[in-house]
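# Structural features, examined
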Amino acid sequence: MTRPILTAAAMRDAEAAAPVDLATLMEQAGQSLAEAASRFAGSMPALVLCGPGNNGGDGYEAARFLVERGVAVRVAALAEPATDLARAAHNRWTGPIEAFDTAAPAPLLVDCLFGTGLKRGLEDAVSQRLCALAGEANLVVAADLPSGVEADSGAILSPVPAADLTVAFGALKPAHRLMPAMARTGRLVLADIGIAASTDWFELAEPVLPPIAADAHKYSRGLVHALAGTMPGAIALAASAAARSGAGYVRVSTGAPIAGLPLSIVQTGDAKLSDPRIGCILVGPGLGELPHFLTLALTSRAPKVIDADAIALVGDPERLRGQDAILTPHAGEFAKLFGDLPGTKAEQALAAAAHSGAVIVFKGPDTLVAAPDGRLGFAPPAPAWLASAGTGDVLSGIIAALRARGMPAFEAACAGVWRHGRAAERAGPSMIADDLVAAL
Ligand SMILES: NC(=O)C1=CN([C@@H]2O[C@H](COP(=O)(O)OP(=O)(O)OC[C@H]3O[C@@H](n4cnc5c(N)ncnc54)[C@H](OP(=O)(O)O)[C@@H]3O)[C@@H](O)[C@H]2O)[C@H](O)CC1
Ligand SMILES: [K+]
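Each value, and the rule that gives it
- Residues numbered from 1 in each chain as written.
- Chains lettered and ligands numbered in written order.
- Predicted model: local features only at pLDDT ≥ 70, side-chain atom pairs only at ≥ 80, totals over all residues.
- Heavy atoms only, no water.
- Donors = N, O, S within 2.8 Å, 3.2 Å for Na, K, Ca; no water.
- Tetrahedral: all angles 85-135°; square planar, octahedral: opposite > 155°, others 65-115°.
- Helix = DSSP H or I, 4+ residues; strand = E, 2+ residues; numbered from the N terminus.
- Buried < 20%, exposed > 50% of the residue type's maximum accessible area, 1.4 Å probe, protein only.
- Pairing = 2+ DSSP bridges.
- Salt bridge = Lys/Arg side-chain N within 4 Å of Asp/Glu carboxyl O.
- Axes fitted to C-alpha atoms, helices over the stretch in contact; angles between N-to-C directions.
- Contact = heavy atoms within 4.5 Å.
- Near = heavy atom within 4 Å.
- Polar contact = N/O pair within 3.5 Å; in protein donor to acceptor, adjacent residues only side chain to side chain.
- Areas by Shrake-Rupley, 256 points an atom, 1.4 Å probe, with all protein chains shown as cover.
- 1 Å grid on protein atoms, 1.4 Å probe; cavity = no way out; pocket = protein on both sides within 12 Å on 5 of 7 lines; lining within 4 Å.
- Sits in = over half its atoms within 2 Å of the grid points.
- Parallel < 35°, antiparallel > 145°, perpendicular 65-115°, else oblique.
- Left-handed = near helix turned anticlockwise from the far one by under 90°.
- UniProt positions renumbered as here; feature names shortened; annotations may be inferred.
- Expected span 1.5 Å × (residues − 1).

Coordination sphere of the potassium ion (ligand 2), protein contribution only: Asn55 (OD1), Asp111 (O), Phe114 (O), Ala143 (O), Leu145 (O) and Ser147 (OG), at 2.5 to 3.2 Å. Taken together, the 6 donor atoms surrounding the potassium ion (ligand 2) define angles of 67 to 168° at the centre, an arrangement classified as irregular. All donors of the potassium ion (ligand 2) belong to a single chain; written as a sequence motif, their spacing is N-x55-D-x2-F-x28-A-x1-L-x1-S. Taken as a pair, Asp111 in strand β5 (residues 108-112) and Leu145 in the loop between β6 (139-143) and β7 (165-169) lie far apart in primary sequence, 34 residues in all. Exposure class is identical for Asp111 and Leu145. Each is buried.

A separate point is unusual backbone geometry. The bulk of non-glycine residues show a negative phi, and the bulk of peptide bonds are trans. Cis geometry marks the peptide bond from Met179 to Pro180, where omega comes out at 0°. With respect to the element layout, Pro180 can be found in the loop between β7 and β8 (187-191). One non-glycine residue, Asp144, lies in the positive phi region at around 70°. Summarising the element assignment, Asp144 is placed in the loop between β6 and β7. For Asp144, a relative accessible area of 7% puts it in the buried group. Of note, the phi angle at Asp324 is positive, near 50°, even though the residue is not glycine. Counting through the fold element by element, Asp324 comes out in the loop between α8 (308-312) and β15 (325-328). Among the residues examined, Asp324 registers a relative accessible area of 30% and is labelled partly exposed.

To continue, consider the pairing of β6. The side chains of a regular strand alternate, first on one face of the sheet and then on the other. The buried fraction of β6 amounts to 5 of the 5 residues, a majority that puts the element mostly inside the structure. Neither face of β6 is open: one carries Leu139, Val141 and Ala143, the other Val140 and Ala142, and all of them are buried. Taken together, the 4 bridges between β5 and β6 define a ladder with parallel strand orientation. Note on β6: the bridge partner recorded for Leu108 is Leu139.

This paragraph deals with the pattern of salt bridges. Inspection of the entire model under this criterion finds 18 salt bridges. In this structure, the salt-bridge partner of Lys345 is Asp366, at a minimum N-O distance of 2.8 Å. Remark: Asp366 occurs in the loop between β16 (359-362) and β17 (368-370) and Lys345 occurs in helix α10 (residues 345-356); sequence separation between them is 21 residues. A single burial state applies to Lys345 and to Asp366, both of which are buried. Connected via shared salt-bridge partners are Glu27, Glu61, Arg64 and Arg92.

Right, let's get into the sheet that holds strand β4 (residues 97-99). Pairing in this open sheet of 7 strands is parallel, and the strands run β4-β3-β2-β5-β6-β7-β8 from one edge to the other. One side of each edge strand has no neighbouring strand; the edge strands of this open sheet are β4 and β8. Ignoring strand direction, the axes of neighbouring strands in this sheet form an average angle of 25°. Against the sheet, helix α5 (residues 124-136) engages β2 (46-50), β5 and β6, with an angle of about 150° to β5.

We now examine the site of ligand 1. Taken together, 22 residues are adjacent to ligand 1, and Asn55, Asp58, Gly115, Gly121 and Asp144 come closest. Within the backbone of Gly121, a nitrogen or oxygen atom sits 2.9 Å from a nitrogen atom of ligand 1. Between Phe169 and ligand 1, the recorded distance is 3.4 Å, taken from a backbone N or O atom to a nitrogen atom. Isolated, ligand 1 exposes 930 Å² of accessible area, and the fraction of that covered by the protein chains is 82%. A majority-of-atoms criterion places ligand 1 in the largest pocket. Going through the elements one at a time, α1 (8-17), α2 (22-41) and α3 (54-68) are the ones with two or more residues in the shell around ligand 1.

On to the packing of helix α6 (residues 232-244) against helix α11 (residues 391-404). Direction vectors running N to C along α6 and α11 enclose 40°, while the axes themselves pass 7 Å from each other. The angle between α6 and α11 places the two elements in the oblique class. Along this stretch, α6 crosses α11, giving a crossing that reads as right-handed. Taking contact as the criterion, the partners of Ala234, Leu237, Ala238, Ala241 and Ala242 in α6 are, on α11, Asp393, Val394, Ser396, Gly397, Ile398 and Ala401.

What follows deals with the UniProt feature "domain: YjeF C-terminal" (unreviewed entry) in the protein chain. On the UniProt side, "domain: YjeF C-terminal" (unreviewed entry) is annotated at positions that read residues 201-440 here. Within the segment residues 201-440, helix and strand shares are 36% and 17% respectively, and the terminal C-alpha atoms sit 27 Å apart.

All right, on to α3 then. Taking 1.5 Å per residue as the helical rise, α3 with its 15 residues ought to reach 21 Å, and the 21 Å between its terminal C-alpha atoms agrees with that figure. Judged by how many residues are buried, α3 sits mostly within the fold: 12 of 15 residues are covered.

Below, the structure is given as structure tokens:
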């Protein structure tokens, strides 16, 4: 089940359109926060930090519900409530309210200082005090977002303590799935507070793969044609990954035999890309400076995955229009091809997809998949040990196989990214790219 992702503005629109009033939404948010915090921390005495906005309002509500759960709760306010909603919640809290600057630490810290309304970094003294209280706590729970994180970009505007748990209200925000903020949220729980969040932006989830028909043959299961270049190891990883990802037939055209390739992967000296049985062409891994191989691939009407060195050879993104292409750049390749695009990583990925007409897999510790029609998938956190040579080649092979198996381009890219991350989890921290193929 995918989880929706909304920007701060989209969140406000969704809140306004919700069938219940905002006070009820805030009460639901408070209930969810109290439930998640007490499930996570048991009856640990809690200090709830309340900011001036509605994030603070959530805090006053959560404090009330934590008391009902038998938790010893103290509330500290950074400032007087600045919204009617927060003021009403503040007034429903009947316990004492301490000053933020002098409040003593507690085993459980609940951070309700700022959420999607944060517009600038916290003042130094505030950020330092927050980090000090977090340092003294056994557990830190963040309401909606850790305070100091910018909701739409994932930027950290002032030092943010790492939360152990973040409770997102209504929908995930881009910051929950973009670096560096993503590394500060701890476990992420999505609290349904009665908001119908319909959006083209979502967190990738386990895909439903095309079934293998009872009367399948190797062509109907998908033929992937990979073009080898100057570094055969890379295309070998990609081709092996394609075979392990269910392509019925993987063929590598190469100028010289590639040692170590599984025998089931056909090697040929002939790059006949006009073969109508080709389900997906893969060009780029280990290609080197061979622009004519990219040009050759672009003469074919077959779907294609363009990765690594081939991305550097595209030159003008317009060349990809109408090519049914999936592009898999990392940040450096992305910047080189699309230049320094404005906006958040999410906006950049969508702009590149719209400009090129291709599906863009914008790789990184926070990988995004963008479609020209505006759909945007955010990958869940993947193991940091994926940052090693050859893992990108493996990803391109997975995606090519899923595309050849008949998944549409955007869905094949989303499914490939998701499966790549889970295979890395299975392969474990000592993995190299070859193990990643074996774990598919
Ligand atoms: N998602 C839902 O369905 C609901 C979400 N809720 C919660 O509401 C927050 C968003 O509330 P909002 O009031 O828009 O914003 P914040 O609470 O994050 O804070 C905004 C206030 O903080 C001031 N501000 C902003 N940056 C700073 C700073 N660096 N230092 C000091 N003060 C700052 C800002 O005032 P300025 O005008 O000075 O910028 C605001 O006063 C959302 O995250 C949820 O937690 C509700 O529960 C409703 C349901
Ligand atoms: K917060």
